[in-house]
Amino acid sequence: MLNTNNTSRLRYEVDLMVQHITTELINEFGKSKEEAMRIIIDSHVEDSLIKDKIGFHESPYNWALSILTDQNDYEALEKHFYQ
């Protein structure tokens, strides 16, 4: 039987990390909120965090870099690093 308290806590932590990654994508990489959420969903970030909790040790910034790289969004990466 699942401990609902642990499940609720994990859901909270996942949601919090997604919020922080969204903020990084918006502030550091110029994405709109809608676009940031779309690429987070497309990258299966929530599933990755639930399956392997080690992902919580990565910074939201590193998650954003990884997501943009996986999405082949070289334009956003170039703008960020070469401005």
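It should be noted that the structure appears before, not after, this text.
Here is a short report on the structure shown in this document. Treat the numbers as computed from the prediction; the structure is a model and nothing was measured.

Calculation notes
Within each chain, residue numbers correspond to sequence positions counted from 1 in written order. Predicted model: local features are reported for residues with pLDDT of at least 70 only, side-chain atom pairs are reported and counted for 80 or more only, and whole-chain, interface and lining totals are derived from all residues. Hydrogen atoms and water are omitted, and side-chain values are computed over all heavy atoms in the structure. By the criteria applied, helices consist of DSSP H or I runs no shorter than four residues and strands consist of E runs no shorter than two, each listed in order from the N terminus. Two residues qualify as a contact provided that any one of their heavy atoms is within 4.5 Å of a heavy atom in the partner residue. Any pair of nitrogen or oxygen atoms within 3.5 Å is treated as a polar contact; in protein, a donor-acceptor pairing is required on top of that, and neighbouring residues in sequence qualify only through side-chain atoms on both sides.

## Here we look at the overall build of the chain
Link 1 in the chain: Of regular secondary structure, the chain possesses five helices and zero strands.
Link 2 in the chain: The linear arrangement of helices and strands in the chain, starting from the amino end, is α-α-α-α-α.
Link 3 in the chain: Overall size of the chain, expressed as C-alpha extent along the three principal axes, is 50 × 20 × 20 Å.
Link 4 in the chain: Within the chain, contacts between residues at least 6 apart in sequence are counted, and of these 64% link residues at least 24 apart.

## Side note on the side chain of K31
Link 1 in the chain: Relative to the helices and strands, K31 is located in the loop between α1 (4-27) and α2 (33-42).
Link 2 in the chain: Only 3.4 Å separates the side chain of K31 from the side chain of E35, close enough to count as a polar contact.
Link 3 in the chain: Here K31 is in contact with L25, I26, A36, L68, D73 and A76, once residues within four sequence places are set aside.

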